[in-house]
Amino acid sequence: MTTLVQLNDHAVQDVPAFVAALHGIYEHSPWIPERAAQLAPFANLTALKLALQSVVSGAARADQLSLIRAHPELAGKAAIAGALTAESTGEQAKAGLHLCSAEEFAALQQLNSDYNRKFSFPFILAVKGATGKGLTRQQIITTFTRRLRNQPEDELHEALRQIGRIAEMRLNDLLGHTPDMGATIMEWAEQIGAWSEDDDALTCTYLSPTHRRTAAQLAQWMRHAGMQVHIDAVGNVVGRYLSPTPQARTLLTGSHYDTVRNGGKYDGREGILLPIAIVQHLHERGETLPFHFEIIAFSEEEGVRFKSTFLGSNAVIGEFDLALLDLTDRDGISMRTVITEAGHDVAAIAAIARNPADLLGYVEVHIEQGPVLLNRDLPVGIVTSIAGSSRYLVHLKGVASHAGTTPMSMRKDAAAAAAEIILYVEQRCSQDQHAALVGTVGQLQVPNGSTNVIAGACLLSLDIRAAQDTVRDAAVQDVLAKIAEIGARRSVDVKLENTVNAAAAPCAPWLMQQLAAATERAGVPAFELASGAGHDAMTIARITDVAMLFTRCGNGGISHNPLETMTADDAEVSAQILLDFLRHFQPKP
Ligand SMILES: [Zn+2]
């Protein structure tokens, strides 16, 4: 078995020996370990992986292409001729690619040929997949088909990332590393991710039978990990890993276990399963913490069933609005009935509220749900702030006159005004990347429009977010002023409806610093990013200091979708960071 100490010695003293030791990690590309040796010594395996991948990402396009082209086709001619490297043969056989049916083989040959024609390099996929256990042939063919639709530039980067993932798993094998906590987190997510209200999709809405079954399972895992567990009156599953010091304060963590319709397996759930895996790890070693560590699996965050979000975390901060109990779902069943039928007592909701004086803070781990970490080849990032948002509905009213008889200079075209607004939103909101300013017009309608009539009315939505309220407010001001100007110039009436105004929730610098230190000790540069999406941490921030750790999201960063994915290795790195953070945790000075 090769060790990191040996690799470091080689890298520093004998580069050819380092290159030889890593010869099977990248296909026929000794230049990668050769250049990575300059970055030695490596603090740990993660640092080595990041160094190797940084060489790949930083290489000239010609080198990147030659690396990609050094890979065999999946189930291609080379596989049949037995001309693959030992590593590739093993991986392709593990995925069962040598057992293809005639139809599957034909489909793969067609995909290989279409893919090569479009991108002029072979399709590369880490066939051992996100868990390392291997994709099925059907998953491989589905992924292949989907990626064939990518833009060439995106696909080149995806190919390089897949090469990085292949290298990561080969390095694990070489050094005998198994991401044990990561594997547990992935297995648990898979298990509860298979329970759904819908066939063929993951849907878990507030207090449905699926939701209650999930809660019971979470409670069981928490208990097994050595925690004191209860399910509260709104369905939050609460596990406490008690400190030997009874009067100690409590550090909170958690996330939500409900999902959107047709959601992903890791959104929310990662932030519950990961700390349970950590507590299990501590408990197995008889290791305690000098504070109580509490995991809250929030029952509701997404607002699917009752169109009201953050029910779980609002109860925890004592701001659950009891008027919401009268809301009804699409079957006309009230929230009060749903809660009561689940065996809870609505009169006990108020008592869920935590006393801020007992709390040390709140740290949430969450899948990023975006492409930023993926594009930077980083497994984790530290959240600076959860963006605030402003939303408007913009009603434009022009004149619906004849498309043939109205001269261009005499029109009051609501759709043309909308078009101008959309382009301005895009341009204005591109101006502050640092504050994560984003602006979107996601809905656009021409009510009763027809081909031969100038649009008399137009309805559009406006969603502007930023990590800093001042930045968002300034952008909103500018956009509203521009809308007024466009309306006046085009003689189109404007009516605005402000539907949402939510302040940003900045993360606490003292918690961020401790997370950053743990991240760096794990061999990962502490990269900061804002969260464009809302999270439970945003609610909890109203009673205690919060921080968040994001885990890289695969498949281009897609979320709220079955394609949402992460790897066991990234789950492991995230878990190691939170564990190390807990072991080094210092209360707010
Ligand atoms: Zn979420």
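Here the structure is shown first, and the text comes after it.
### A short note on the overall build of the chain
At step 1: Tallying secondary structure elements over the chain gives 21 helices and 14 strands in all.
At step 2: Relative to its length of 589 residues, the chain is compact, with a C-alpha radius of gyration of 27 Å against a globular reference of 25 Å.
At step 3: Among the 589 residues that make up the chain, the fraction classed as buried is 54%.
At step 4: Sequence-distant contacts in the chain: of pairs separated by 6 or more residues, those separated by 24 or more amount to 78%.
At step 5: Surface summary for the chain: the accessible area is close to 25,100 Å², and the carbon and sulfur share equals 52%.

### Points about the pattern of salt bridges
At step 1: Applying the stated criterion to the full structure yields 32 salt bridges.
At step 2: The salt bridge partner of Glu158 is Arg161, with a shortest N-O separation of 3.0 Å. With Glu158 and Arg161 both in helix α10 (residues 152–175), this residue pair falls three residues apart, about one helical turn.
At step 3: Judged by relative accessible area, Glu158 falls into the buried class, the value being 9%.
At step 4: Residues Arg165 and Asp569 are paired through a salt bridge, measuring 2.8 Å at the closest nitrogen-oxygen approach. Of the two residues, Arg165 is situated in helix α10 and Asp569 in helix α21 (residues 568–584); the sequence distance between them amounts to 404 residues.
At step 5: When salt bridges with common partners are traced through the structure, they connect Glu420, Lys482, Glu485, Arg489 and Arg490 into a single cluster.

### Observations concerning the pairing of strand β4 (residues 292–298)
At step 1: By the criterion of burial, β4 is predominantly enclosed, with seven of the seven residues buried.
At step 2: The side-chain alternation of β4 yields two buried faces, one formed by His292, Glu294, Ile296 and Phe298 and the other by Phe293, Ile295 and Ala297.
At step 3: In the sheet, strand β3 (residues 250–256) pairs with β4 via seven bridges, with the strands oriented parallel. By the bridge assignment for β4, Leu251 is matched with Phe293.

### Quick word on the environment of Gly268
At step 1: You can see Gly268 is positioned in the loop between β3 and α13 (270–284).
At step 2: Residue class for Gly268 comes out buried when judged on its relative accessible area of 1%.
At step 3: Along the primary structure Gly268 and Trp221 are separated by 47 residues, whereas in three dimensions their C-alpha atoms are 16 Å apart.
At step 4: Once residues lying within four places of it in the same chain are set aside, the contact partners of Gly268 are Ser255, His256 and His366.

### Re the packing of aromatic side chains
At step 1: For the structure shown, the criterion picks out 13 aromatic pairs.
At step 2: Each ring, one from Tyr115 and one from Phe121, has its centre 5.9 Å from the other, and the planes form 70°; the classification is edge-to-face.
At step 3: Grouping aromatic residues by their ring pairs yields a cluster made of Tyr115, Phe119, Phe121, Phe123 and Phe144.
At step 4: Cation over ring: Arg213 sits above Trp195, and NZ or CZ is 3.8 Å from the ring centre.

### Remarks on α10
At step 1: Between its first and last C-alpha atoms α10 spans 35 Å; for 24 residues at 1.5 Å apiece the expected length is 34 Å, and the two agree.
At step 2: In terms of residue burial, α10 counts as a mostly covered element, since 18 of its 24 residues are buried.
At step 3: Immediately downstream of α10, the backbone of Gly176 shows phi near 65°, a positive value.

### Let's talk about a negative patch on the surface
At step 1: Residues Glu197, Asp198, Asp199 and Asp200 make up a contiguous surface patch of negative charge.
At step 2: Summarising the element assignment, Asp199 is placed in the loop between α11 (180–193) and α12 (209–224).

### Some points on the coordination of the zinc ion
At step 1: Every protein donor of the zinc ion is accounted for by His256 (NE2), Asp267 (OD) and His366 (NE2), and the metal-donor separations fall at 2.0 to 2.2 Å.
At step 2: Mapping the donors of the zinc ion onto the primary sequence yields the spacing H-x10-D-x98-H. Of this pair, Asp267 sits in the loop between β3 and α13 while His366 sits in strand β5 (residues 359–367), placing them 99 residues apart in sequence. Here the two residues Asp267 and His366 agree in accessibility, since each one is buried.

### Some details on the side chain of Arg354
At step 1: By the secondary structure assignment, Arg354 is in the loop between α15 (335–341) and β5.
At step 2: Among the polar contacts made by the side chain of Arg354, one reaches the side chain of Glu294 at a distance of 2.5 Å.
At step 3: Looking at Arg354, its side chain comes within polar contact range of the main-chain oxygen of Ile352, at 2.8 Å.
At step 4: Excluding its chain neighbours within four sequence positions, the residues that come into contact with Arg354 are Val238, Glu294, Ile296, Val316, Leu359 and Ile543.

### Considering the side chain of Arg428
At step 1: You can see Arg428 is positioned in helix α17 (residues 414–428).
At step 2: Residue Arg428 is classed as buried on the basis of its relative accessible area, which comes to 11%.
At step 3: In terms of polar contacts, Arg428 uses its side chain to reach the side chain of Asp478, at 2.7 Å.
At step 4: Discounting residues that sit within four places of it in the chain, Arg428 has contacts with Leu437, Ala474, Ala475, Asp478 and Val479.

### Regarding the environment of Ala297
At step 1: When you line up the elements, Ala297 lands in strand β4.
At step 2: Assessed through its relative accessible area of 0%, Ala297 is described here as buried.
At step 3: With residues near it in sequence (within four places) discarded, Ala297 still touches Leu218, Met222, Gly235, Asn236, Val237, Ser255, Tyr257 and Ile272.

### Comments concerning the packing of helix α4 (residues 45–58) against α10
At step 1: Running from amino to carboxyl end, α4 crosses α10 at an angle of 145°, the nearest separation of the two axes being 10 Å. Seen from above, α4 lies across α10 with right-handed handedness. Counted together, Leu45, Leu48, Lys49, Leu52, Gln53 and Val56 of α4 and Leu160, Arg161, Gly164, Glu168, Leu171, Asn172 and Leu175 of α10 form the full contact between these two elements.
At step 2: A per-class count over the contact of α4 with α10 returns seven nonpolar, three polar and three charged.

### Focus: unusual backbone geometry
At step 1: Residue Ala40 is joined to Pro41 through a cis peptide bond whose omega torsion reads 0°.
At step 2: Mapped onto the fold, Pro41 is located in the loop between α3 (31–36) and α4.
At step 3: With phi around 55°, Lys307 is a residue other than glycine that occupies positive phi space.

The rules behind each value
- Residues numbered from 1 in each chain as written.
- Predicted model: local features only at pLDDT ≥ 70, side-chain atom pairs only at ≥ 80, totals over all residues.
- Heavy atoms only, no water.
- Helix = DSSP H or I, 4+ residues; strand = E, 2+ residues; numbered from the N terminus.
- Rg over C-alpha atoms; globule rule 2.2 N^0.38 Å.
- Buried < 20%, exposed > 50% of the residue type's maximum accessible area, 1.4 Å probe, protein only.
- Contact = heavy atoms within 4.5 Å.
- Areas by Shrake-Rupley, 256 points an atom, 1.4 Å probe, with all protein chains shown as cover.
- Salt bridge = Lys/Arg side-chain N within 4 Å of Asp/Glu carboxyl O.
- Pairing = 2+ DSSP bridges.
- Phe/Tyr/Trp six-rings, centres within 6.5 Å; stacked < 30°, edge-to-face > 60°.
- Lys NZ or Arg CZ within 6 Å of the ring centre and 35° of its normal.
- Expected span 1.5 Å × (residues − 1).
- Patch = residues over 30% accessible without salt bridge, like charges linked within 9 Å, V, L, I, M, F, W, Y side chains within 5 Å.
- Lys, Arg positive; Asp, Glu negative; His and termini not counted.
- Charge placed at Lys NZ, Arg CZ, Asp CG, Glu CD.
- Donors = N, O, S within 2.8 Å, 3.2 Å for Na, K, Ca; no water.
- Polar contact = N/O pair within 3.5 Å; in protein donor to acceptor, adjacent residues only side chain to side chain.
- Axes fitted to C-alpha atoms, helices over the stretch in contact; angles between N-to-C directions.
- Left-handed = near helix turned anticlockwise from the far one by under 90°.
- Nonpolar A, V, L, I, M, F, W, Y, C, P; charged D, E, K, R; others polar.

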